[in-house]
Amino acid sequence: MVKVTQRLGGLVLRFAAFCAALGAVIAMVTSRERSSFFVLSLVAKYSDLAAFKYFVIANAIVSVYSFLVLFLPKESLLWKFVVVLDLFFLVNGKLTVKMVTMLLTSSLSAAAAVAQVGKRGNANAGWLPICGQVPRFCDQITGALIAGLVALILYVFLLIFSIHSVVDPFLLRKS
Amino acid sequence: MAVAKLVLAATSGKSSKILLGLRVLAFLATLSAAIVMGLNKETKTFVVGNVGNTPIKATFTAKFQHTPAFVYFVVANAMVSFHNLLMIALQLFGGKTELTGFRLLSIAILDMLNVTLLSAAANAAGFMAEVGKNGNKHARWDKICDRFATYCDHGAGALIAAFAGVVLMLIISAVSISRLVQPNKCSISTTA
């Protein structure tokens, strides 16, 4: 009974993280706004900023990985394999939960750092904030970042969850 | 199977020494990254205009505090180096402290959390540095590295040290998890 609830909990978490990461990708890719900036016309796309491109790529990888792992058969055996694979994450280039969490957090922090400059500017470097000219673009980027944060939190839960489901037998025995 | 053999080798007595060496390296890398970025400051005087024949000079300073991503970088690197220092002290001066199951688990979880923290900090600072180095013509943000070359060089050095720290912390976290999977051979006094 405990095993079934554990598997179900893992599946639910993974599906939610897949949805969140997919939402982040879609929100950022469809953010595009045209506005006139004095006499010049400015088109704001997510691909103008390298950090946003990395965010899209990282979250796309995470959503594809979550989707594929959702359909793994014999999950009780492969959970332990996934955690032990943490040791040898370079084996066959396989992704594990830890690598995915690192991808998520690094992409989110990079995109948030650049978005913060876009929103407030940097007075010392002479960088003007661009959110005043393209407010809808900024709102959609913010939504994508929030979805990325939700995916990250779910994956941190998954990380602790997967370690716990493997190590728990050892801990119970040692008391 | 190769996996089982490697796991066994990682939890023998040598793993403590390897872990100690790796932690010392990671501590030095993150500490140097924090210090170099924390002391990153450059002041330069530029000529901004001419009134008749006399040039007007203005002094500009480039400090790491101007960019929130760099502030987070310094703080995160300091935290990770402190964590490594604590773990080194625990291993060197722990004496006969027995590593029960929960302590091993907490060390492994802390290592994992620190890996993610450090990677987030290094990445955020890296992308901000890329914007500072190349500018962004779509957002009309000028690059600053052509004017503050020393500031940019020091920042690049700190970034390299932080990324080296990320790789080292990844390996440390992997070794910690391996000690978790086979706990019956681990105590602090397992050296040599």
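Quantities reported herein were computed from a predicted structural model and do not represent experimental measurements.

Analysis parameters
- Residues numbered from 1 in each chain as written.
- Chains lettered and ligands numbered in written order.
- Predicted model: local features only at pLDDT ≥ 70, side-chain atom pairs only at ≥ 80, totals over all residues.
- Heavy atoms only, no water.
- Helix = DSSP H or I, 4+ residues; strand = E, 2+ residues; numbered from the N terminus.
- Contact = heavy atoms within 4.5 Å.
- Areas by Shrake-Rupley, 256 points an atom, 1.4 Å probe, with all protein chains shown as cover.
- Buried < 20%, exposed > 50% of the residue type's maximum accessible area, 1.4 Å probe, protein only.
- Core = buried A, V, L, I, M, F, W, Y, C linked by side-chain atoms within 4.5 Å.
- Phe/Tyr/Trp six-rings, centres within 6.5 Å; stacked < 30°, edge-to-face > 60°.
- pLDDT = per-residue confidence, 0-100.
- UniProt positions renumbered as here; feature names shortened; annotations may be inferred.
- Disulfide = S-S within 2.5 Å.
- Expected span 1.5 Å × (residues − 1).
- Salt bridge = Lys/Arg side-chain N within 4 Å of Asp/Glu carboxyl O.
- Pairing = 2+ DSSP bridges.
- Patch = residues over 30% accessible without salt bridge, like charges linked within 9 Å, V, L, I, M, F, W, Y side chains within 5 Å.

## Observations concerning the overall build of chain B
Scanning chain B from terminus to terminus reveals five helices and two strands. N-terminal to C-terminal, the α/β element order of chain B is α-α-β-β-α-α-α. By sequence separation, contacts in chain B at least 24 residues apart represent 77% of the contacts at least 6 residues apart. For chain B, the exposed surface amounts to about 9400 Å²; the carbon and sulfur share of it is 68%.

## Some thoughts on the overall build of chain A
Along chain A, the regular secondary structure elements total five helices and two strands. The order of helices and strands in chain A, counted from the N terminus, is α-β-β-α-α-α-α. Within chain A, the proportion of its 175 residues that are buried is 50%. Sequence-distant contacts, at least 24 apart, represent 75% of the contacts inside chain A between residues at least 6 apart.

## Considerations on the nonpolar core
The biggest cluster of nonpolar side chains holds 88 residues, and the ones touching the most others in it are F55, W127 and Y155 of chain A together with F73, M128 and W141 of chain B. Elements with a contribution of two residues or more to this core: α1 (2–29), α2 (50–70), α4 (97–120) and α5 (135–174) of chain A together with α2 (14–38), α3 (68–93), α4 (101–134) and α5 (149–181) of chain B. Not counting residues up to four positions away in its chain, the partners in contact with M128 of chain B are A113, V114, V117 and W127 of chain A together with T67, A69 and F70 of chain B.

## What about the packing of aromatic side chains?
Centre distance and the angle of the planes are the two values used to describe a pair of aromatic rings. Taken as a whole and assessed by the stated rule, the structure comprises six aromatic pairs over all chains. Taking the centre distance of 6.2 Å and the plane angle of 40° together, the rings of F15 of chain A and F18 of chain A count as tilted. Of this pair, F15 of chain A and F18 of chain A both sit in helix α1, three residues apart, which is roughly one turn of the helix. We classify F15 of chain A as partly exposed; its relative accessible area is 46%. Judged by relative accessible area, F18 of chain A falls into the buried class, the value being 13%. A centroid spacing of 5.9 Å and a plane angle of 90° characterise the contact between F46 of chain B and F148 of chain B, whose relative ring orientation is edge-to-face. Here F148 of chain B lies in the loop between α4 and α5 and F46 of chain B lies in strand β1 (residues 41–51), a separation of 102 residues in the sequence. Neither F46 of chain B nor F148 of chain B differs from the other in exposure class; each is buried. Chaining the aromatic ring pairs together yields one cluster made of F15, F18 and F67 of chain A.

## Regarding the confidence of the model for chain A
Residue and element names in this part refer to chain A. Taken residue by residue, chain A gives an average pLDDT of 79. The fraction at 70 or more is 77%. Summarising per-element confidence for chain A, the mean pLDDT is lowest in helix α3 (residues 75–84) (56) and highest in α2 (90). Scored below 50 in pLDDT, residues 86–94 makes 16 contacts in the model with residues more than four places away or belonging to other chains.

## A word on the UniProt feature "transmembrane region" (unreviewed entry) in chain B
In this structure's numbering, the residues bearing the UniProt feature "transmembrane region" (unreviewed entry) are residues 20–39, 69–90, 102–122 and 156–177 of chain B. Measuring from the first to the last C-alpha atom of residues 102–122 of chain B gives 30 Å, for a span that is 100% helix and 0% strand.

## Here's the deal with the state of the cysteines
Going through the model one piece at a time under the given rule, you end up with two disulfides over all chains. A sulfur-sulfur distance of 1.7 Å marks the disulfide that ties C131 of chain A to C138 of chain A. Its S-S torsion of approximately -90° makes the covalent link between C131 of chain A and C138 of chain A left-handed. Judged on exposure class, the residue C131 of chain A and its partner C138 of chain A are both buried. Put simply, C145 of chain B and C152 of chain B are joined by a disulfide, and their sulfur atoms are 1.8 Å apart.

## Topic: the UniProt feature "transmembrane region" (unreviewed entry) in chain A
UniProt annotation of "transmembrane region" (unreviewed entry) refers to residues 12–30, 51–72 and 144–167 of chain A when read in the numbering used here. Between the first and last C-alpha atoms of residues 12–30 of chain A the distance is 27 Å; the span itself is 95% helix and 0% strand.

## Some thoughts on α2 of chain B
One turn of an α-helix holds 3.6 residues; hence residues three or four places apart share an orientation. Helix length check: α2 of chain B (25 residues) gives 36 Å between terminal C-alpha atoms against 36 Å at 1.5 Å per residue, within 8%. Among the residues of α2 of chain B, those classed as buried are S15, S16, L19, L22, R23, A26, F27, A29, T30, A33, A34 and M37 of chain B.

## Some remarks on the pattern of salt bridges
Residue and element names in this part refer to chain B. If you walk through the whole model with that rule in mind, you get one salt bridge over all chains. The residue D111 makes a salt bridge to R23 at a minimum N-O spacing of 3.0 Å. A residue pair is termed long-range when its members are at least 10 positions apart, and D111 in helix α4 and R23 in helix α2 qualify at 88 residues. Residue class for D111 comes out buried when judged on its relative accessible area of 0%. Under the relative-accessibility criterion, R23 is labelled buried at 2%.

## A closer look at the pairing of strand β2 (residues 54–63) of chain B
All names here are of chain B. For β1 and β2, the ladder comprises ten bridges, and the chain directions are antiparallel. The partner of E42 across the bridge, within β2, is A62. Linking β1 to β2, which pair antiparallel, is a turn of two residues; within it G52 sits at a positive phi near 70°.

## Quick look at a nonpolar patch on the surface
Taken together, V64, F67, L68 and F71 of chain A make up a surface patch of nonpolar side chains, about 430 Å² in accessible area. Tracing the sequence through the fold places L68 of chain A in helix α2.

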